[in-house]
Amino acid sequence: MNETKEKAALKASVGADAGQSIQSTTTEIITAESPEINDLEDISQEKFFLQMQRMADPAYLHTVSMNELYETVYQSKQPVIEGLLYSGTYLFAGAPKMGKSFFMAQLAYHVSTGQKLWEYEVHQGTVLYLALEDDESRLQRRMFRMFGVEGTSSLHFATNAKMIGGGLDEQLEKFIREHPDTRLIIIDTLQKIREVSTDAYSYANDYDIVGRMKQFADKNGVCLLLVHHTRKQPSGDKVEMISGTTGLLGCADGAFLLQKEKRTDQNATLDIVGRDQPTQRRAERLHLTRNMERLTWELDHAETELWKQPPDPLLQKVASLLKENVPEWSGSATELAAALQEEMPPNILTRQLNVKAGELQNEYGVEYTMKRTRNGSFIRLRKQGV
């Protein structure tokens, strides 16, 4: 039986600071058009059935060795707004009547049109905004005041939706099937889609709710933004301001906390916490000002300046192989090392590219795939959009 695995790379995003694993998606592809198909490793039927027997054992525990980690290319976290928002599940919390819904409308409009949000680059895509505390008349007035009559067919609103576990998943799945370029789904608010139960605010229940949303977002490669409220009592820890238990943030990829000193203030701070925040090295706090004419939020300044990772010389070399008239390259790891004039063992080169495939795609626009063959690694590089 011939088998090949092709996976996309993982890119760090803003996320919860717990060391949770992020699931990757494995797509098995066997096509007659693949020139390397005859070179793929043969997996004996006996070995295949032995593995199936192992997996059927109730005591089976799936493990991955360190070497297997380096030999795998994981699914990339695609940016929605560079340096600010990636695919995954996030909480956006603030006190009632703080301006959260206006902020959500602003995010939805910028992502659906592809216009920059302040200093951040935006990747355009379809947006679904579940404005569950509004009606269509109010949405019309709000969008008109904020953006005028310049509309877009890539931004969709709904003022009613089903509950988590009561059909919401199916509604969202159907929308994505009808709009495969969906990048962002906003649920305003989380409370409107959660079922009322006796343990509604237990850690287990909160974790389960966000866990379901995260599973959906990861499966479909979209960003899911859940609007939520903050507690009335202040707290020295910003995370503890989020209403509910720590189970909400424990399973989310990250959180945004919008705050004012006084409700009547036109200035606010946006604190950002996440799993990979230290490696992201981006602003932890943004200072915002409300434009009272349009009711949009404007960036005043970032408390910590945006830090951009310096260019990687290896990735720069790889990207330089592809040009307008040469949008693709394929070959073995040995051939790639020679083309790059890199004096490193082919297996070390492959491992470095496996780990940095997400960075190669997001920063240099080069898609990298690697397949194991009988004779070694078969690598394909391709410029995005070609």
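Residues numbered from 1 in each chain as written. Predicted model: local features only at pLDDT ≥ 70, side-chain atom pairs only at ≥ 80, totals over all residues. Heavy atoms only, no water.

Caption draft 1: Highlighting the overall build of the chain. Across its full length, the chain holds 12 helices and 16 strands. Buried positions account for 45% of the 386 residues belonging to the chain. Summed over its atoms, the accessible surface of the chain is roughly 20,400 Å², and 50% of this surface lies on carbon and sulfur atoms. (Helix = DSSP H or I, 4+ residues; strand = E, 2+ residues; numbered from the N terminus. Buried < 20%, exposed > 50% of the residue type's maximum accessible area, 1.4 Å probe, protein only. Areas by Shrake-Rupley, 256 points an atom, 1.4 Å probe, with all protein chains shown as cover.)

Caption draft 2: Molecular detail of the pairing of strand β15 (residues 366-373). With 6 of 8 residues buried, β15 is to be regarded as a mostly interior element. Pairing of β15 with strand β16 (residues 376-383), which is carried by 8 bridges, proceeds in the antiparallel orientation. Residue pairing in the sheet places M370 in a bridge with I379 of β16. (Pairing = 2+ DSSP bridges.)

Caption draft 3: Structural detail: the packing of aromatic side chains. Summed over all chains, the structure comprises 6 aromatic pairs. Consider the rings of F92 and F103, whose centres lie 5.0 Å apart with planes at 45°: the pair is tilted. Linking F92 in strand β5 (residues 88-94) with F103 in helix α3 (residues 100-113), this pair joins segments that are 11 residues apart in sequence. For F103, a relative accessible area of 3% gives the class buried. A ring pair is formed by Y109 and F147, whose centres lie 3.9 Å apart and whose planes are at 10°; its orientation type is stacked. Here F147 lies in helix α4 (residues 136-147) and Y109 lies in helix α3, a separation of 38 residues in the sequence. Residue Y109 is classed as buried on the basis of its relative accessible area, which comes to 8%. The exposure class of F147 is buried, given its relative accessible area of 13%. (Phe/Tyr/Trp six-rings, centres within 6.5 Å; stacked < 30°, edge-to-face > 60°.)

Caption draft 4: Examining the side chain of Q106 more closely. By the secondary structure assignment, Q106 is in helix α3. In this structure Q106 touches L117, W118, M146, F147, T296 and W297, once residues within four positions along its chain are discounted. (Contact = heavy atoms within 4.5 Å.)

Caption draft 5: Highlighting α4. Compared with an ideal rise of 1.5 Å per residue, which puts 12 residues at 16 Å, α4 spans 16 Å between its outermost C-alpha atoms and is within 8% of the ideal. Buried within α4 we find L139, R142, M143, M146 and F147. Across the axial projection of α4, the buried residues extend over an arc of 95°, all falling on one side. Opposite the buried face of α4, at more than 90 degrees from it, the exposed residues are Q140, R141 and F144. Buried residues along α4 sit in contact with α3, β6 (126-131), β7 (155-158) and β13 (296-302). For α4, the N-terminal cap is D135; the gap from its side-chain oxygen to the backbone nitrogen of S137 is 3.2 Å. Once α4 finishes, G148 follows within two positions and takes phi at roughly 75°, a positive value. (Expected span 1.5 Å × (residues − 1). Arc of directions from axis to C-beta. Polar contact = N/O pair within 3.5 Å; in protein donor to acceptor, adjacent residues only side chain to side chain.)

Caption draft 6: Region of interest: the packing of helix α9 (residues 313-320) against helix α11 (residues 346-355). Two elements in contact, α9 and α11, have axes separated by 11 Å at closest approach and are oriented at 95°. Between α9 and α11, the angle falls in the class roughly perpendicular. On α11, the residues that touch L314, L315 and V318 of α9 are L349, Q352 and L353. Classifying every residue of the contact of α9 with α11 gives 5 nonpolar, 1 polar and no charged. (Axes fitted to C-alpha atoms, helices over the stretch in contact; angles between N-to-C directions. Parallel < 35°, antiparallel > 145°, perpendicular 65-115°, else oblique. Nonpolar A, V, L, I, M, F, W, Y, C, P; charged D, E, K, R; others polar.)

Caption draft 7: Just the sheet that holds strand β14 (residues 328-332), in detail. An order of β14-β16-β15 is seen for the 3 strands of this open sheet, with the pairing classed as antiparallel. Taken across any chain shown, the strands that pair with only one partner, and hence form the sheet edges, are β14 and β15. Here the average twist between neighbouring strands, direction ignored, is 10°. Here β14 pairs with β16 via 5 bridges, running antiparallel. The residue bridging S332 from the neighbouring strand is F378, located in β16. Sitting on the sheet, α11 touches β15 and β16, and the angle it makes with β15 is about 135°. Relative to the sheet, helix α12 (residues 357-364) contacts β15 and β16, its axis offset from that of β15 by approximately 155°.

Caption draft 8: View of the nonpolar core. Judged by nonpolar contacts, the single largest core of 43 residues is most densely connected at I81, M104, L225 and F256. No other element matches the 8 residues that α3 contributes to this core. Aside from chain neighbours lying at most four places away, what touches L225 is Y90, F92, M104, L107, L184, I185, I186, I187 and F256. Counting 25 residues, the second largest nonpolar core, distinct from the first, contains L132, I164, I187 and C251. (Core = buried A, V, L, I, M, F, W, Y, C linked by side-chain atoms within 4.5 Å.)

Caption draft 9: Region of interest: a nonpolar patch on the surface. Taken together, the side chains of V64, M66, L69, Y70 and V355 present a nonpolar region at the surface, about 450 Å² in accessible area. Sort the elements by how many residues they give to the nonpolar patch and helix α2 (residues 66-70) lands first, with 3 residues. By secondary structure assignment, the location of V355 is in helix α11. Taking relative accessible area as the criterion, V355 reaches 52% and is therefore assigned exposed. (Patch = residues over 30% accessible without salt bridge, like charges linked within 9 Å, V, L, I, M, F, W, Y side chains within 5 Å. Salt bridge = Lys/Arg side-chain N within 4 Å of Asp/Glu carboxyl O.)

Caption draft 10: Spatial organisation of the confidence of the model for the chain. Mean pLDDT for the chain: 81, with 77% of residues reaching 70 or above. Predicted confidence is poor over residues 1-43, with pLDDT under 50, and the contacts of this stretch with residues over four places away or in other chains come to 123 contacts. (pLDDT = per-residue confidence, 0-100.)

Caption draft 11: Here's a closer look at the pairing of strand β12 (residues 285-291). For β12, a buried count of 5 out of 7 residues is recorded, marking the element as mostly surrounded by other parts of the structure. Taken together, the 6 bridges between β12 and β13 define a ladder with antiparallel strand orientation. Note that in β13 the partner of T289 across the bridge is E298. If you look at the hairpin formed by β12 and β13, you'll find 4 residues sitting between the two strands, and L295 has a positive phi there, around 65°.

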